[in-house]
Amino acid sequence: MSKNKPVVVIGLMGSGKTTVGALVARALGVPLRDSDPFLRERYGRSAAEIAAAEGADALHRRESEHVLHALAERPPPVIAAAASTVEDPEVRAALGGAFVVWLDAPDTILAQRMRSSDHRPDFSPAAMRARRQPFFEQVADLRLDVSTATPEESAKIICDAL
């Protein structure tokens, strides 16, 4: 397995970015950088709290900041990137130096997974997919259907691809 460049896990909410990212990071022996802890540590608020207090644009700028910051780390980490970050041209350009994995699943599966979460109560997989799928396709080196693979299976596929 290569530790020469960061591994960035992207996908819509509910796709398992944090879970799969943590398994890959453990297998590679590198840190996991996840936007939720970054936001709480740096700004003292969760993503939902930032969006409610300052708006979605402010949240998305901060999520992009997280990815750009993590991409510069050495040794390169595994990064669980918020889906919004692919909309930022600077982030998309920076992802060229990373191995990017798109975790995907049908919208019904993602919505079901998020139903029990208050993380982002206005989550709409179809609307998010319509806006972000072209960017996911542009940056992804590997696309995995996480509706048919367990997190452990997904992590193994990623590690094997490295």
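Remember, predicted model here, so these are calculated numbers, not experimental data.

Draft legend 1. Quick peek at the overall build of the protein. Within the protein, the regular secondary structure consists of eight helices and five strands. Reading the helices (α) and strands (β) of the protein from amino to carboxyl end gives β-α-β-α-α-α-β-α-β-α-α-β-α. Relative to the 2.2 N^0.38 estimate, which gives 15 Å for 162 residues, the radius of gyration of the protein is 15 Å and therefore close to what a compact globule would have. Reported as C-alpha extents along the three principal axes, the dimensions of the protein are approximately 40 × 35 × 25 Å. Sequence separation of at least 24 residues holds for 73% of the intrachain contacts in the protein that already meet a minimum separation of 6. Of note, the protein has its 20 positive side-chain charges centred 2 Å away from the centre of its 22 negative side-chain charges.

Draft legend 2. Just the sheet that holds strand β2 (residues 32-34), in detail. With respect to topology, five strands assemble into an open sheet ordered β2-β3-β1-β4-β5, the strand pairing being parallel. Each of the sheet's edge strands pairs with one partner strand only, and the pair in question is β2 and β5 (142-145). Adjacent strand axes in the sheet meet at a mean angle of 20 degrees, parallel and antiparallel pairs treated alike. Where β2 and strand β3 (residues 78-80) come together, three bridges link them in parallel fashion. Within the sheet, the bridge partner assigned to R33 lies in β3 and is I79. The sheet strands contacting helix α2 (residues 35-43) are β2 and β3, and the helix crosses β2 at an angle near 65 degrees. Relative to the sheet, helix α7 (residues 125-139) contacts β1 (7-10), β4 (99-104) and β5, its axis offset from that of β4 by approximately 145 degrees.

Draft legend 3. Examining the packing of aromatic side chains more closely. If you walk through the whole model with that rule in mind, you get one aromatic pair. For the pair W102 and F136, a centre-to-centre distance of 5.2 Å together with 40 degrees between the ring planes defines the contact as tilted. Highlighted residues: W102 in strand β4 and F136 in helix α7, separated in sequence by 34 residues. F136 sits in the buried class, given a relative accessible area of 1%. Between R62 and the ring centre of Y43, over which it is positioned, the NZ or CZ distance is 3.9 Å.

Draft legend 4. A look at the environment of L59. Checked against the element boundaries, L59 lands in helix α4 (residues 56-71). For L59, a relative accessible area of 2% corresponds to the buried category. Residues L59 and A161 lie 102 residues apart in sequence; the distance between their C-alpha atoms is 32 Å.

How each quantity is defined
Residues numbered from 1 in each chain as written. Predicted model: local features only at pLDDT ≥ 70, side-chain atom pairs only at ≥ 80, totals over all residues. Heavy atoms only, no water. Helix = DSSP H or I, 4+ residues; strand = E, 2+ residues; numbered from the N terminus. Rg over C-alpha atoms; globule rule 2.2 N^0.38 Å. Contact = heavy atoms within 4.5 Å. Lys, Arg positive; Asp, Glu negative; His and termini not counted. Charge placed at Lys NZ, Arg CZ, Asp CG, Glu CD. Pairing = 2+ DSSP bridges. Axes fitted to C-alpha atoms, helices over the stretch in contact; angles between N-to-C directions. Phe/Tyr/Trp six-rings, centres within 6.5 Å; stacked < 30°, edge-to-face > 60°. Buried < 20%, exposed > 50% of the residue type's maximum accessible area, 1.4 Å probe, protein only. Lys NZ or Arg CZ within 6 Å of the ring centre and 35° of its normal.

Function cannot be read off these values alone, since they describe shape.
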